[in-house]
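Secondary and tertiary structure notes
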Amino acid sequence: MDNILLNVNNLHASINGKEILKGINLTIRQGEVHAIMGPNGSGKSTLSAVLTGNPSFTVTEGSVDFHGKDLLSLSPEDRSHEGLFLSFQYPVEIPGVSMVNFMRAAINAKRKYLNEEPLSASDFLKLMRQKRAIVELDNKLASRSVNEGFSGGEKKRNEIFQMAMLEPLLSILDETDSGLDIDALRIVAEGVNKLKSQENATIVITHYQRLLDYIKPDFVHILYKGRIVMTGGPELALELEKTGYDWIKQKYND
Amino acid sequence: MSENKINNAPAADEDILRQATGDEYKYGFVTDIETDIIPQGLSEDVVRLISEKKGEPEWLLDFRLKAYRHWQTLEVPNWAHLKIPPIDFNSISYYAAPKKNAPHSIDEVDPELLKTFDKLGIPLEEQKVLSGMAVDAVMDSVSVKTTHKEKLAELGIIFCSISEAVKDYPDLVKKYLGKVVSYRDNFYAALNSAVFSDGSFVYIPKGVRCPMELSTYFRINASGTGQFERTLIVADDDAYVSYLEGCTAPMRDENQLHAAIVEIIVEDRAEVKYSTVQNWYAGDKDGKGGVYNFVTKRGLCRGDYSKLSWTQVETGSAITWKYPSCVLQGEGSTGEFYSVAVTKNKQQADTGTKMIHIGRNTRSTIVSKGISAGESENSYRGLVKVAPTADGSRNHTQCDSLLLSNRCGAHTFPYVDIMNETAIVEHEATTSKISEEQLFYCNQRGIPTEEAVGLIVNGYAKEVMNKLPMEFAVEAQRLLQVTLEGSVG
């Protein structure tokens, strides 16, 4: 079991006193792709928010081990430095802050955490150029303000670009396919695939099979009412595509 | 600059963000120096004493006395959105000077004083003045040393203390002093005209582009004193100058009064850029101490196609009351005002500009960015006035407020007074808050909250920061970041 990256054990979390996650158990190893599916409101986005330390949510029970670190005790930025990345469902706009300045602050904060010298301006720009190509991101986009005036597709490509820059161990893609046309979806998915390695792992949160045609999962989990109610291989996603979630709802409704 | 402290606390939690300001005011030291200080209080005798100490000619004493008598008839202005505690004008000393006066070379300057300016990062010593910036340094009431004077003199540029100018160029000073800001203008202008001690004088002759930034650093050191400096800048036809002003003060429990006047005259096709980074001591977290900054700044674009541009980054002072203005008299003249005003803790600022369009086809641009944190009050107050003579004049005003807490105030008071139907006047305003989503997004990318706030605030203020001269912009950016450490929430 030496290649376990993430181990979620009986995780409960709530927002404003309302429990959303009701005992999540999940183990992810290096090199794996896990898809998490489920109907609206089942807690998929909450899971990604809780893992990354969004302060709106309170963890009430359970533990999360991230390659030997107690994830829940770390600040959001330290979770990032330890190699956790979230591709946001709705990336926020930060007016006036250029992508270059933003990424430079991010990269250098991580290097500082790892006791490394900050990257020189020229090395940094070289790195940006190289990573931009992975998601076919325009140079112009990189010099614009963070997500400001980006189209839906550009925002998602920008998320994957940031993922490429930060080289995380575990990436969570939260409904990265929502709002994407088929070309943008292909570019984003290809970007994710290029970044896959034997060392890292990916959690793909999605409603639809569509994205999983491009990013092949090793495991598919169905999240319903704050619990993982079913785990299977890629065939489970195909099954859901045919039959919808109704049978899940019926089976697990109490 | 001091290092930025990075606080690794979890983001966005209001309580955590509300925690005490991380960075101490780093200019809060006091220089132990022998000071010639006159007793507290204000009277005709005090005005005469100041004039005598400075060896002034009769006409200037007359000017001061007229101003003093007029001042006595005035009431403290209270129309601004400010709570100003009563000020006892008789408990202030109106003249303080480091004892070793009027040095002729660097060797004659008191070493303690040099250390002070060293700490402030002012390259006073000639050999250090490689940055290409000429500096006039004013400590308490007197100008201590002006650098690069000889080099500027070759071009016919005069850059010296106003006291020297009175002695060496009396005709020029007499011609322009009080012509843009009359001693009758307002309470603090009258007070300054009566007791002003020193300041800078700049004259750029016809057709000369000043090859370096001119800069004045103001420092209040002595306790119980006020600082009343006066700056006069004249750009003759086709001249250009970029002028920078910086200021700091020691941390003291009592409030100190700073009431300055800046007058600028811009002749035909001339251009003046005036940049300020104001960082007077702002008082402590509870609002104790700090400088009262009551300043009258105005420029007269007298010449056709002349241009005056004010850029200010205001982060200090307990109370700020200032409205750098442009009187656009010459045809086709242009006035600009770019401002970032930051208030935190219990600071109060009421600042903005006046654009007075008199000439035909005059243009003005106002970009004001207010940032309020803590329990501070931050107001923009601006006037756009178009006279009946100002055919085809245009103004664009953009007035933004950024709130960093739930307990601060941001206000805008835009006055528009249009008496010419061909004028086009536009006003845009926005109010925004740094959102928790923005902070969390930055945190998730590994950027700690403090640094994220700095990034976001600098992004917000970028349009103004870009107007600052390069050397200043970096310092101002860092200042903005340091000033706001720990003040979100």
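The rules behind each value
Residues numbered from 1 in each chain as written. Chains lettered and ligands numbered in written order. Predicted model: local features only at pLDDT ≥ 70, side-chain atom pairs only at ≥ 80, totals over all residues. Helix = DSSP H or I, 4+ residues; strand = E, 2+ residues; numbered from the N terminus. Buried ≥ 20, exposed ≤ 12 C-beta atoms within 10 Å, placed from the backbone. Contact = placed C-beta atoms within 7 Å. pLDDT = per-residue confidence, 0-100. Pairing = 2+ DSSP bridges. Axes fitted to C-alpha atoms, helices over the stretch in contact; angles between N-to-C directions. Core = buried A, V, L, I, M, F, W, Y, C linked by C-beta atoms within 7 Å. Domains from an automatic or database assignment. Nonpolar A, V, L, I, M, F, W, Y, C, P; charged D, E, K, R; others polar. Expected span 1.5 Å × (residues − 1).

1. Some thoughts on the overall build of chain B
- Scanning chain B from N- to C-terminus turns up 12 helices and 23 strands.
- Put simply, chain B has 489 residues, and 55% of those count as buried.
- A separation of at least 24 residues holds for 82% of the contacts in chain B among residues at least 6 apart in sequence.

2. Topic: the overall build of chain A
- Within chain A one finds 9 helices and 12 strands.
- The C-alpha extent of chain A, read off along each of the three principal axes, is 60 × 40 × 35 Å.
- For chain A, the proportion of its 254 residues judged to be buried stands at 44%.
- For chain A, the share of sequence-separated contacts (at least 6 apart) that also reach a separation of at least 24 residues comes to 71%.

3. Description of unusual backbone geometry
- Despite not being glycine, Glu136 of chain A has its phi angle at roughly 50 degrees, a positive value.
- Inspection of the secondary structure assignment puts Glu136 of chain A in the loop between helix H4 (121-132) and helix H5 (139-143).
- For Glu136 of chain A, a count of 13 C-beta atoms within 10 Å translates into the label partly exposed.
- Positive phi, close to 60 degrees, is recorded for Asp238 of chain B, a residue that is not glycine.
- In this structure, Asp238 of chain B sits in the loop between strand E8 (230-235) and strand E9 (240-248).

4. Remarks on the confidence of the model for chain B
All names here are of chain B.
- Mean pLDDT over chain B: 82, with 78% of residues reaching 70 or higher.
- Low pLDDT (under 50) marks residues 1-23, which in the prediction has 57 contacts with non-local residues, meaning those over four places away or in another chain.
- This stretch, residues 123-132, has a pLDDT under 50; its non-local contacts, to residues over four places away or in other chains, come to 17 contacts.
- Predicted complex metrics record ipTM = 0.96 and pTM = 0.80.

5. Some words on the environment of Ser317 of chain B
Residue and element names in this part refer to chain B.
- Topologically, Ser317 is positioned in the loop between strand E14 (307-314) and strand E15 (319-322).
- The class for Ser317 is buried, based on 30 C-beta atoms found within 10 Å.
- In this structure the C-alpha to C-alpha distance between Ser317 and Phe294, which are 23 residues apart in sequence, comes to 9.7 Å.
- Excluding residues within four positions of it along the chain, Ser317 makes contact with Gln278, Trp280, Ala282, Gly290, Val291 and Asn293.

6. Regarding the sheet that holds strand E2 (residues 18-29) of chain A
Residue and element names in this part refer to chain A.
- Spatially, the 4 strands line up as an open sheet ordered E2-E1-E4-E5, and their pairing is antiparallel. Because the sheet does not close on itself, it has two edges, and the strands there are E2 and strand E5 (69-70).
- Two strands pair when backbone bridges link them, and strand E1 (residues 4-15) and strand E4 (residues 58-66) are joined in this way by 7 bridges, in the antiparallel orientation. Its bridge partner being in E4, Val8 is matched across the sheet by Val64.
- Sitting on the sheet, helix H1 (residues 44-52) is in contact with E1, E2 and E4, with an inclination near 75 degrees to E2.

7. Notes on the pairing of strand E12 (residues 271-278) of chain B
All names here are of chain B.
- Taken across its 8 residues, E12 has 7 buried, putting it largely inside the fold.
- Pairing geometry for E12 and E14, over 8 bridges, is parallel. Across the sheet, residue Lys273 finds its bridge partner in E14, namely Ser309.

8. What about the nonpolar core?
- If you look at the biggest cluster of nonpolar residues, it comprises 186 residues, and the most contacted ones within it are Val202, Val241, Ile264 and Val272 of chain B.
- Take this core: its biggest share by element is 7 residues, from helix H3 (residues 99-113) of chain A.
- The two domains that each donate at least three residues to this core are domain 1 (1-27 + 435-489) and domain 2 (31-322) of chain B.
- Those residues in contact with Val202 of chain B that sit more than four places away from it in its chain are Ile158, Phe159, Leu214, Ile233, Val234, Val241 and Tyr243 of chain B.

9. Concerning the sheet that holds strand E12 (residues 227-232) of chain A
All names here are of chain A.
- If you trace the 6 strands from one edge of the open sheet to the other, you get E6-E9-E10-E3-E11-E12, paired in mixed fashion. Only two strands of the sheet have a single partner each, and these edge strands are strand E6 (84-87) and E12. Here the strands of the sheet are splayed against their neighbours by 20 degrees on average, with no regard to which way each runs.
- Note that strand E3 (residues 33-37) and strand E11 (residues 219-224) share 4 bridges and pair parallel.

10. Notes on the interface of chain B and chain A
- Taken residue by residue, the interface counts 22 residues in chain B and 25 residues in chain A.
- Those elements giving two or more residues to the side of chain B that touches chain A turn out to be helix H9 (436-444) and helix H10 (449-460) of chain B.
- With 6 residues, the single largest contributor to the side of chain B that touches chain A is H9 of chain B.
- Of the residues contributing to the side of chain B that touches chain A, the split by class is 11 nonpolar, 6 polar and 5 charged.

11. Let's talk about the pairing of strand E19 (residues 363-372) of chain B
All names here are of chain B.
- Within E19, 8 of the 10 residues are buried, leaving the element largely enclosed by the surrounding structure.
- Here strand E17 (residues 334-343) pairs with E19 via 10 bridges, running parallel. When the bridges of E19 are listed, Thr334 appears paired with Arg363.
- Where E19 and strand E21 (residues 394-403) come together, 10 bridges link them in parallel fashion. Residue pairing in the sheet places Arg363 in a bridge with Arg394 of E21.

12. Notes on H4 of chain A
- Helix length check: H4 of chain A, at 12 residues, gives a terminal C-alpha distance of 16 Å against a target of 16 Å (1.5 Å per residue), a fit within 8%.
- The elements touched by buried residues of H4 of chain A are H3, H5 and helix H6 (152-166) of chain A.

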